[in-house]
Amino acid sequence: MVATIESAEEDAVGQQGHDESALLEVEGLSTYFFTRDGVVRAVDDVSFSVAAGETVAVVGESGCGKSVTSLSIMGLLQTPPARIVSGHIKLQGRDLLTLPESEMRKVRGNEISMIFQEPMTSLNPVLTIGRQIGETLVLHEGLSEKEAESRAVELLRLVNIPEAERRVREYPHQLSGGMRQRVMIAMALACQPKLLVADEPTTALDVTIQAQILELMSDLKQKTGSAIIFITHDLGVVAEMAERVVVMYAGKKVEEAPVVDLFERPRHPYTAGLLDSVLKLGSSSGERGKRRLNEIPGTVPSLKDEIVGCPFAPRCSYATDYCRTDAPVLEEKAPEHFAACFHSDQLAEQEN
Amino acid sequence: MFSYIVQRLLATIPVMGVVALVVFSLLYFSPGDPATIIAGDMASEEDVREIREQMGLDQPYFVRFGTWIGGVLQGDLGTSIFTNRPVADLIMQRLEPTVALTVSTMIVAVALAVPLGIIAAWKAGTAIDRIVMGFAVLGFSVPVFVIAYTLILIFSVWLEVLPVQGYVSITEGFLPFVQHLILPSLALGAVFAALIARITRASMLEVLSQDYVRTAKSKGLNQKEVLLRHALKNAAVPIVTIIGIGVALLIGGVVITETVFAIPGLGRLTVDAILRRDYPIIQGVILLFSFVYVFINLLVDVSYCFFDPRIRY
Ligand SMILES: Nc1ncnc2c1ncn2[C@@H]1O[C@H](COP(=O)(O)OP(=O)(O)OP(=O)(O)O)[C@@H](O)[C@H]1O
Ligand code: SF4
Ligand SMILES: [Mg+2]
């Protein structure tokens with residue numbers, strides 16, 4: 001009952017998943033790239049929110065706009081060619097998109113921080129680990145270089161790096177990929193951010209290391225209480241990490257649901273396809289590292305052309321003529337479960 | 001680190017040996033007989049042969065090389081054919097103006113070019129970038145003597161704020177010393193600065209597109225911190241390399257600059273020596289320049305370790 005009242009309100013303001021206690025609200029975010037050969041609609045009218053302490057997974061195939069979404073939140077897009085053409089990104093009600101750059105710098109690394117996909121290239125090769133972790137603390141918490149270094153040692157211990165006192169003086173090339181990603185995590189958590197944006201933090205790592213990093217992240221989440229936006233290719237990981245899932249396709253949010261709901265009753269054929277590919281390969285967890293979400297036949301449409309109808313139609317086995325001319329809008333198909341598909345009821349029946 | 005430097009120093013010995021051999025051979029095999037020049041137009045064959053024997057010019061190649069290199073190792077670069085004074089003394093006399101000129105040129109060029117290159121990279125594609133790079137093309141393509149005469153015309157003749165020519169030793173007062181060096185340094189430094197600015201920009205541009213620069217920004221660092229703390233040190237290796245190469249270019253430029261500005265330095269000494277075929281002086285100066293060049297190379301190599309911890313020694 002409560003859910004229906006809430007959803008009625010949400011419809012009135014045109015938002016989904018709105019929550020009074022939301023830490024981050026992304027509303028109608030559209031980020032386009034204005035390139036020489038056309039406009040790339042990398043993120044198109046995407047909305048979602050993250051509550052304090054919550055982990056939200058963002059999944060989708062390569063090129064569907066996951067990284068562009070996270071860089072939009074961080075305000076780290078190269079302009080030009082990228083431009084946020086509409087929308088709001090509110091952190092505790094404050095719109096980050098209207099903040100002056102100097103204010104935004106106080107948010108970055110302090111209130112929101114980010115872990116990148118490539119641990120091998122994301123650390124500066126000519127500065128020591130300690131310096132790179134410490135400088136965030138010097139910057140945002142006004143610590144002295146010395147204090148920052150001893151905090152860096154503590155942080156390295158927190159992410160389970162052995163011999164932290166020695167490692168703190170080392171350079172990134174002296175560390176393995178997994179260790180570097182631990183350093184990235186230590187760096188991101190240094191100022192106890194309210195929100196951590198993790199853009200495929202384990203994709204580049206070996207399977208065993210992946211599992212360790214994921215365990216570390218869940219562990220640290222318990223300790224620090226930071227909310228996490230967990231971006232991944234791998235639906236298999238999502239079940240362990242996240243409470244809620246946002247599925248993106250061709251720059252759009254096509255489904256959003258609590259994780260159990262999504263796994264049990266996907267409401268969008270794309271999500272169902274992703275889940276199928278997980279189930280097919282899921283038996284051997286050793287495969288996880290290499291597996292990408294590309295087992296659905298067909299390819300992601302070009303984001304340069306205006307897409308008519310449902311962007312998934314060319315690859316969708318449920319597609320009807322209707323799907324090819326009209327674009328489905330995101331609707332609440334079940335409590336807290338949103339999907340943009342004309343035939344999601346048909347899909348739900350089949351799944352049952 | 002220390003053992004690396006020692007090791008590198010030892011490695012320069014064979015290099016210097018080869019340089020010495022080349023310098024010696026160059027003049028040994030070049031046409032023109034110093035004995036004939038010394039003897040003068042009126043001398044008989046007999047006189048010339050006598051002079052040749054006196055100077056050891058009749059000795060075989062390797063004997064002459066051995067004698068010469070033996071002297072060099074003891075600081076004896078031979079005696080000027082023309083003035084009959086030790087080459088080492090002549091070089092020492094002319095050393096100060098040239099050192100002053102090259103050092104001030106390097107300071108001017110680096111101080112100008114590195115910041116400009118960084119700004120150009122940071123503002124890549126904007127008007128600022130295009131203006132800086134336009135100047136770089138200009139500095140690179142206009143000959144030293146044209147820049148020199150243009151500067152003299154503007155600052156000495158029209159504005160009358162700087163002396164036209166000449167050199168004042170630092171021992172005679174710092175201000176006149178600097179005043180006399182400004183124009184020559186600018187003229188000589190233009191090419192050098194253009195080169196460094198271009199490389200700095202290119203190197204910074206490459207670094208700025210790296211993932212770790214994005215990481216630095218994601219921490220909330222400002223532009224200055226990102227550029228100077230995170231990017232510049234990564235971009236330093238090519239920049240330092242080009243500064244090293246620039247020193248070699250400078251040595252060529254010094255000759256022209258000293259001539260235009262009437263600075264009594266090594267460049268002038270060399271030009272005069274070449275005109276008179278004063279072989280020992282030419283050999284001495286080339287050897288000195290080569291030595292400086294090898295030494296600068298060594299410095300550059302050692303500096304890599306300072307900038308990039310991945311480089312092992
Ligand atoms: N600098 C750019 N210029 C033009 N288009 C871009 C640029 N950067 C990204 N894009 C486009 O934006 C779209 C979304 O890219 P994004 O990096 O967000 O994908 P992703 O979901 O993170 O993929 P992956 O899983 O491979 O990381 C892609 O189609 C890409 O072509
Ligand atoms: S709207 Fe039609 S084409 Fe699009 S996902 Fe649903 S059934 Fe498939
Ligand atoms: Mg990505």
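As the structure is a prediction and not an experimental result, all values here were calculated from the model.

This brings us to the interface of chain A and chain B. Between chain A and chain B, the residue contacts involve 25 residues of the former and 20 residues of the latter. Here chain A meets chain B over a buried area of about 2,100 Å², counting both sides, of which 58% is carbon and sulfur. Joining chain A to chain B, the criterion identifies 2 salt bridges. Lys219(B) is the partner of Glu135(A) in a salt bridge, and the nearest nitrogen-oxygen pair spans 2.7 Å. Counting across the interface, chain A meets chain B through 12 residue pairs in polar contact (both at pLDDT 80 or more).

All names here are of chain A. Contacts to ligand 1 come from 15 residues, most closely from Ser 62, Gly 63, Lys 66, Ser 67 and Val 68. Within the backbone of Cys 64, one N or O atom sits 3.2 Å away from an oxygen atom of ligand 1. Here Glu 200 contributes a side-chain N or O atom positioned 2.9 Å from an oxygen atom of ligand 1. Listed by contribution, the elements that provide at least two residues to the shell around ligand 1 are strand 1 (22-35), strand 2 (38-51) and helix 2 (66-74). Ranked by residue count, the leading element in the shell around ligand 1 is helix 2, at 3 residues. Looking at the shell around ligand 1, its residues break down into 6 nonpolar, 6 polar and 3 charged.

Neighbouring residues of ligand 2: 13 residues in total, closest Cys310(A), Cys316(A), Cys323(A), Cys341(A) and His343(A). In the shell around ligand 2, the residues fall into 11 nonpolar, 2 polar and no charged.

Bringing the pairing of strand 2 of chain A into the picture now. When you tally the buried positions in strand 2 of chain A, you get 11 out of 14 residues, the bulk of the element. Counting the residues between successive antiparallel strands, the hairpin from strand 1 of chain A to strand 2 of chain A contains 2 residues.

What follows covers unusual backbone geometry. All names here are of chain A. In the segment running from Thr 79 into Pro 80, the intervening peptide bond is cis, with an omega of -15°. Here Pro 80 is to be found in the loop between helix 2 and strand 4 (82-91). Across the junction of Pro 80 and Pro 81, the peptide omega takes the value 10°, indicating a cis bond. Considering the arrangement of structural elements, one finds Pro 81 in the loop between helix 2 and strand 4.

A grouping of Asp47(B), Glu50(B), Glu53(B) and Asp58(B) is seen on the molecular surface, where their side chains present a negatively charged patch. As for its position among the elements, Asp47(B) is in helix 3 (residues 45-55).

A few words now on the domain arrangement of chain B. All names here are of chain B. Looking at the assigned domains, one finds that chain B contains domain 1 (2-73) and domain 2 (96-307). Relative placement of domain 1 and domain 2: their C-alpha centres are 33 Å apart. With 19 residues of domain 1 at the contact, the number on the domain 2 side is 14 residues. For the pair domain 1 and domain 2, the two sides together bury roughly 1,500 Å², of which 80% comes from carbon and sulfur. Linking domain 1 with domain 2 are 1 salt bridge, by the criterion used here. Among the salt bridges present, the one from Arg 8 reaches Asp 301, with a minimum N-O distance of 2.4 Å. One can count 2 residue pairs in polar contact (both at pLDDT 80 or more) joining domain 1 with domain 2. Within the residue set of the side of domain 1 that touches domain 2, elements represented by two or more residues are helix 1 (2-28), helix 2 (34-39) and helix 4 (61-73). Broken down by element, the residue count for the side of domain 1 that touches domain 2 peaks at 12 residues, all from helix 1.

What counts as what
- Residues numbered from 1 in each chain as written.
- Chains lettered and ligands numbered in written order.
- Predicted model: local features only at pLDDT ≥ 70, side-chain atom pairs only at ≥ 80, totals over all residues.
- Heavy atoms only, no water.
- Contact = heavy atoms within 4.5 Å.
- Buried area = accessible area lost by both parts, 1.4 Å probe.
- Salt bridge = Lys/Arg side-chain N within 4 Å of Asp/Glu carboxyl O.
- Polar contact = N/O pair within 3.5 Å; in protein donor to acceptor, adjacent residues only side chain to side chain.
- Near = heavy atom within 4 Å.
- Helix = DSSP H or I, 4+ residues; strand = E, 2+ residues; numbered from the N terminus.
- Nonpolar A, V, L, I, M, F, W, Y, C, P; charged D, E, K, R; others polar.
- Buried < 20%, exposed > 50% of the residue type's maximum accessible area, 1.4 Å probe, protein only.
- Pairing = 2+ DSSP bridges.
- Patch = residues over 30% accessible without salt bridge, like charges linked within 9 Å, V, L, I, M, F, W, Y side chains within 5 Å.
- Areas by Shrake-Rupley, 256 points an atom, 1.4 Å probe, with all protein chains shown as cover.
- Lys, Arg positive; Asp, Glu negative; His and termini not counted.
- Charge placed at Lys NZ, Arg CZ, Asp CG, Glu CD.
- Domains from an automatic or database assignment.

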